[in-house]
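So the chains spell out like this:
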Amino acid sequence: MPEKETLRRAKKDKREGKAASTQAGEFVREEIEHVREGKHGARSAKQVIAIGLSKARRAGVKLPPPKNASTETQEQAARDTRKARSGSKTKKSARRSRASLRKLKREGHSAASKTALSRHALSVAAKRSAASRSRSAKKAATTRKK
């Protein structure tokens, strides 16, 4: 369950008309903080981000599934979105929840370090085309707060 502060920030972003990815960024930020403060670990920066995005979808952020992701990832994203839309608060499996948390607790905390996140950002950017990078940089420049 996301923290109240995270939900408040995401709602504020939505009110201001910001993109779904910006709203979801609040949940990713929360997850990074969780790993840093030792609540649980993660195998990689990618996993930390994935957990955050999943939380965002379940909280109702209209985030589409990634286009170039595996079928499993797309199905999971759709499942998360459905869960948010249905509004059903079905009881979580305590056994499964405990098992996944225990697994995460055994992982390291360096996945949320500045270097790990930086390395991830660089590797993701390298996979994008120059035009795509330029386009997002221009958009960032126009939407930046003055």
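Refer to the preceding data block for the structure.
Residues numbered from 1 in each chain as written. Predicted model: local features only at pLDDT ≥ 70, side-chain atom pairs only at ≥ 80, totals over all residues. Heavy atoms only, no water.

Draft legend 1. Broad picture of the overall build of the protein. Of the regular secondary structure elements, the protein holds seven helices and zero strands. In sequence order, the secondary structure elements of the protein are arranged as α-α-α-α-α-α-α. At 16 Å, the protein has a C-alpha radius of gyration in line with the 15 Å of a compact globule built from 146 residues. Each principal axis of the C-alpha distribution contributes one length, and for the protein these read about 45 × 35 × 35 Å. (Helix = DSSP H or I, 4+ residues; strand = E, 2+ residues; numbered from the N terminus. Rg over C-alpha atoms; globule rule 2.2 N^0.38 Å.)

Draft legend 2. Looking closely at the layout of surface pockets. In this structure, the second largest pocket spans a volume of roughly 170 Å³. Taken together, L7, A10, K11, K14, Q23, F27, A59, G60 and V61 make up the lining of the second largest pocket. Mapped onto the lining of the second largest pocket, the elements with two or more residues apiece are α1 (4-15) and α2 (20-36). Here the lining of the second largest pocket gets four residues from one element, more than from any other, and that element is α1. Residue classes in the lining of the second largest pocket are distributed as five nonpolar, two polar and two charged. (1 Å grid on protein atoms, 1.4 Å probe; cavity = no way out; pocket = protein on both sides within 12 Å on 5 of 7 lines; lining within 4 Å. Points joined across faces, edges and corners; volume = space filled by probe spheres on them. Nonpolar A, V, L, I, M, F, W, Y, C, P; charged D, E, K, R; others polar.)

Draft legend 3. Representation of α2. The terminal C-alpha atoms of α2 lie 25 Å apart, and with 17 residues this matches the ideal 24 Å at 1.5 Å per residue to within 8%. Buried within α2 are the following residues: Q23, A24, E26, F27, V28, E30, E31, I32, H34 and V35. Two residues or fewer past α2, G38 is found with a positive phi of approximately 85°. (Expected span 1.5 Å × (residues − 1). Buried < 20%, exposed > 50% of the residue type's maximum accessible area, 1.4 Å probe, protein only.)

Draft legend 4. Looking closely at the packing of α2 against helix α3 (residues 45-58). One can describe the packing of α2 onto α3 by two numbers: an axis separation of 8 Å at closest approach and a directional angle of 130°. In terms of orientation, α2 lies oblique with respect to α3. Along this stretch, α2 crosses α3, giving a crossing that reads as right-handed. Listed contacts from α3 to A24, F27, V28, E30, E31, I32, H34 and V35 of α2 are V48, I49, I51, G52, L53, K55 and A56. Looking at the contact of α2 with α3 residue by residue, the class counts come to 10 nonpolar, two polar and three charged. (Axes fitted to C-alpha atoms, helices over the stretch in contact; angles between N-to-C directions. Parallel < 35°, antiparallel > 145°, perpendicular 65-115°, else oblique. Left-handed = near helix turned anticlockwise from the far one by under 90°. Contact = heavy atoms within 4.5 Å.)

Draft legend 5. Structural context of α1. Here α1 contains 12 residues, and its C-alpha end-to-end distance of 16 Å stays within 8% of the 16 Å for a straight helix at 1.5 Å per residue. All of the buried residues along α1 are T6, A10 and D13. Projected onto a plane normal to the axis of α1, the buried residues spread over an arc of 55° and lie on a single side. Exposed residues on α1 whose side chains face more than 90 degrees from its buried face are K4, K11 and R15. Those residues of α1 hidden inside the fold are in contact with α2. Immediately beyond the C-terminal end of α1, within one or two residues, lies G17, with a positive phi of roughly 80°. (Arc of directions from axis to C-beta.)

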